[in-house]
Amino acid sequence: GKVGIIGVPFEKGQHKQGVAHGPKAIRAAGLVRELELLGLDVKDYGDISYKAKNVDGINNMSHLGDVAGCTNCLSEQIQQILKEDRRVLTIGGDHSVGIGTIDGHVKEKKNVGVLWIDAHADLNTNKTSESGNVHGMPVALLTSELADYWPHLPGMDWQQPMLSIRNVAYIGLRSVDCYERLVIEKFGITAFGMEDVERYGIHDVVYMALNKIDPNESKSLHVSFDIDSLDPLEAPCTGTPVRGGLSIREAVHLMEMLYRTKRLNAVDLVEVNPHIGNQRDTQLTVEAAIHIIQAGFGYTRRGLKVPEGVTD
Ligand code: ARG
Ligand code: MN
Ligand code: MN
Ligand code: MN
């Protein structure tokens with residue numbers, strides 16, 4: 001298997017400094033080495049660089065020109081990595097980077113199913129958001145059914161929402177704004193909150209989510225994993241923590257299941273902010289991120305197979 005890594009040290013989708021240092025912290029914990037130990041051909045494409053776009057006149061979307069510039073470059077980079085026949089791992093950065101990764105994935109593979117693993121729905125528009133932070137808006141920007149709820153956004157013309165909301169499933173929700181809840185109900189969006197994880201267990205939740213968004217087992221799958229889906233006791237270093245989240249075991253189980261589909265072609269790992277909390281907090285959070293990534297790229301807790309060519 002071949003994997004491409006792209007770092008996105010971007011933090012202007014929200015207002016806390018430090019999340020731009022996520023890629024550096026995750027790489028420093030041995031990301032490339034851990035993936036190579038899985039027998040993968042790993043190519044690290046480094047960090048994305050971008051030019052901000054000139055945008056004004058849009059209300060309640062902080063730093064839209066930066067978000068637009070960064071996610072446009074990122075979308076093109078994702079398409080390139082997938083064209084080179086690599087699965088792609090994107091390290092954020094805040095969750096606005098999901099605009100670029102999912103846009104690129106959909107442009108390249110067309111038929112895409114998205115699992116949005118998050119405490120939050122990230123489904124606001126500039127009219128419903130209470131924060132004006134674009135990291136709370138990516139799902140609404142990406143999906144065709146929600147296109148009518150946006151004004152024309154200069155700088156975002158490259159991004160035509162081509163993903164149907166029917167191809168998106170949430171897991172881990174526990175902090176949903178009232179307009180987000182309204183949209184989830186109106187469109188019947190596949191959404192498993194923490195109470196569903198409690199009721200059915202993570203295995204059945206993932207099974208049901210896949211069955212809903214990809215009943216024919218034909219889609220290219222994309223996991224956009226917000227580290228704040230985890231319980232803050234297990235991953236404290238994140239900008240918008242919400243207590244009562246997924247355990248690391250549930251998250252690893254989820255990623256192992258998705259890896260086994262053989263159709264998991266893109267993983268985003270976002271919202272790790274190494275500047276929040278103390279050194280132990282940072283270590284916990286970064287280690288959790290590494291475990292989740294490893295499971296998504298083929299690590300199994302049962303142990304790996306003996307590498308090919310090695311006998312007795
Ligand atoms: N719903 C809130 C907002 O719109 C919080 C979003 C948090 N998003 C995230 N990617 N952590 O601002
Ligand atoms: Mn600002
Ligand atoms: Mn979140
Ligand atoms: Mn998020």
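As the structure is a prediction and not an experimental result, all values here were calculated from the model.

What counts and what doesn't
- Residues numbered from 1 in each chain as written.
- Chains lettered and ligands numbered in written order.
- Predicted model: local features only at pLDDT ≥ 70, side-chain atom pairs only at ≥ 80, totals over all residues.
- Heavy atoms only, no water.
- Near = heavy atom within 4 Å.
- Polar contact = N/O pair within 3.5 Å; in protein donor to acceptor, adjacent residues only side chain to side chain.
- Phe/Tyr/Trp six-rings, centres within 6.5 Å; stacked < 30°, edge-to-face > 60°.
- Helix = DSSP H or I, 4+ residues; strand = E, 2+ residues; numbered from the N terminus.
- Buried < 20%, exposed > 50% of the residue type's maximum accessible area, 1.4 Å probe, protein only.
- Donors = N, O, S within 2.8 Å, 3.2 Å for Na, K, Ca; no water.
- pLDDT = per-residue confidence, 0-100.
- Contact = heavy atoms within 4.5 Å.
- Pairing = 2+ DSSP bridges.
- Axes fitted to C-alpha atoms, helices over the stretch in contact; angles between N-to-C directions.
- Left-handed = near helix turned anticlockwise from the far one by under 90°.
- Nonpolar A, V, L, I, M, F, W, Y, C, P; charged D, E, K, R; others polar.

## Description of the site of ligand 1
Next up, step 1: In the vicinity of ligand 1, the residues found are H95, H120, D122, N124, S131, H135, G136, D177, D226, D228, T240 and E271.
Next up, step 2: Side-chain polar atom of S131 to an oxygen atom of ligand 1: 2.6 Å apart, as the coordinates give it.
Next up, step 3: One of the side-chain nitrogen or oxygen atoms of D226 is found 3.2 Å away from a nitrogen atom of ligand 1.

## Describing the packing of aromatic side chains
Next up, step 1: Per the stated rule, a full pass over the model turns up two aromatic pairs.
Next up, step 2: Considering the side-chain rings of F10 and Y50, the 5.8 Å spacing of their centres and the 70° angle between planes classify their relative orientation as edge-to-face. Of this pair, F10 sits in the loop between strand 1 (2-8) and helix 1 (22-28) while Y50 sits in the loop between strand 2 (41-47) and helix 3 (64-83), and the two are 40 residues apart along the sequence.
Next up, step 3: You can call F10 buried: its relative accessible area is 3%.
Next up, step 4: Ring plane angle 80° and centroid distance 6.4 Å describe the contact between Y149 and F187, whose orientation is recorded as edge-to-face. With Y149 in the loop between helix 5 (138-142) and strand 5 (168-173) and F187 in helix 6 (residues 178-187), this pair connects stretches of sequence that are 38 residues apart.

## Structural notes on the coordination of the manganese ion (ligand 4)
Six octahedral donors around a metal ideally make angles of 90 or 180 degrees; four tetrahedral donors ideally make 109.5 degrees.
Next up, step 1: Surrounding the manganese ion (ligand 4) are the protein donor atoms H95 (ND1), D118 (OD), D122 (OD) and D226 (OD), at 2.0 to 2.2 Å.
Next up, step 2: When the donor residues of the manganese ion (ligand 4) are listed from N- to C-terminus, their spacing reads H-x22-D-x3-D-x103-D.
Next up, step 3: Separating the manganese ion (ligand 4) from the manganese ion (ligand 3) is a gap of 3.2 Å, which D118 spans by donating to each of them. Remark: D226 occurs in strand 7 (residues 220-226) and D118 occurs in the loop between strand 4 (112-117) and helix 5; sequence separation between them is 108 residues.
Next up, step 4: By relative accessible area, which is 0% here, D118 ends up buried.

## Quick notes on the confidence of the model for the protein chain
Detailed reading of predicted coordinates is not advised where the pLDDT is low.
Next up, step 1: Taken residue by residue, the protein chain gives an average pLDDT of 97. The fraction at 70 or more is 99%.
Next up, step 2: Across the predicted assembly, pTM comes out at 0.98 and ipTM at 0.95.

## Digging into the environment of N60
Next up, step 1: Residue position: N60 is located in the loop between strand 2 and helix 3.
Next up, step 2: For N60, a relative accessible area of 33% translates into the label partly exposed.
Next up, step 3: Each C-alpha atom, one on N60 and one on E180, is 16 Å from the other, the two residues being 120 residues apart in sequence.
Next up, step 4: Here N60 is in contact with N126, S129, S131, G132 and M137, once residues within four sequence places are set aside.
Next up, step 5: Here S129 takes part through its backbone oxygen, which lies 3.0 Å from a polar atom of the side chain of N60.

## Observations regarding the sheet that holds strand 8 (residues 264-270)
Next up, step 1: The strand order across the open sheet formed by eight strands is 2-1-3-8-7-4-5-6, and the pairing between neighbours is parallel. Edge positions in the sheet fall to strand 2 and strand 6 (190-193), since each has one partner strand and no second. Neighbouring strand axes in the sheet, compared pairwise and without regard to direction, differ in orientation by 15° on average.
Next up, step 2: Across six bridges, the pairing between strand 7 and strand 8 is parallel. Looking at the pairing, F225 lines up with L269 of strand 8.
Next up, step 3: Most of the contacts of helix 8 (residues 202-213) go to strand 5, to which it runs at about 160°, and overall it touches strand 4, strand 5, strand 6 and strand 7.

## Brief notes about the packing of helix 3 against helix 4 (residues 97-109)
Next up, step 1: For the pair helix 3 and helix 4, the least separation of the axes is 7 Å and the interaxial angle reads 40°. Along this stretch, helix 3 crosses helix 4, giving a crossing that reads as right-handed. Within the contact between the two elements, helix 3 uses V67, T71, L74, S75, I78, Q79, L82 and K83 and helix 4 uses V97, I99, G100, T101, D103, G104, H105, K107, E108 and K109.
Next up, step 2: Taken together, the residues that form the contact of helix 3 with helix 4 break down as six nonpolar, seven polar and five charged.

## Some details on the pairing of strand 3 (residues 87-92)
Next up, step 1: Counting buried positions along strand 3 yields six of six residues, so the element is predominantly enclosed.
Next up, step 2: Judged by which residues are buried, strand 3 turns out to be covered on both faces: R87, L89 and I91 on one side and V88, T90 and G92 on the other are all buried.
Next up, step 3: Across six bridges, the pairing between strand 1 and strand 3 is parallel. Within strand 3, the position partnered with V8 by the bridge is G92.
Next up, step 4: When strand 3 meets strand 8, the two strands line up parallel, connected through four bridges. Across the sheet, V88 pairs through a bridge with A266, a residue of strand 8.

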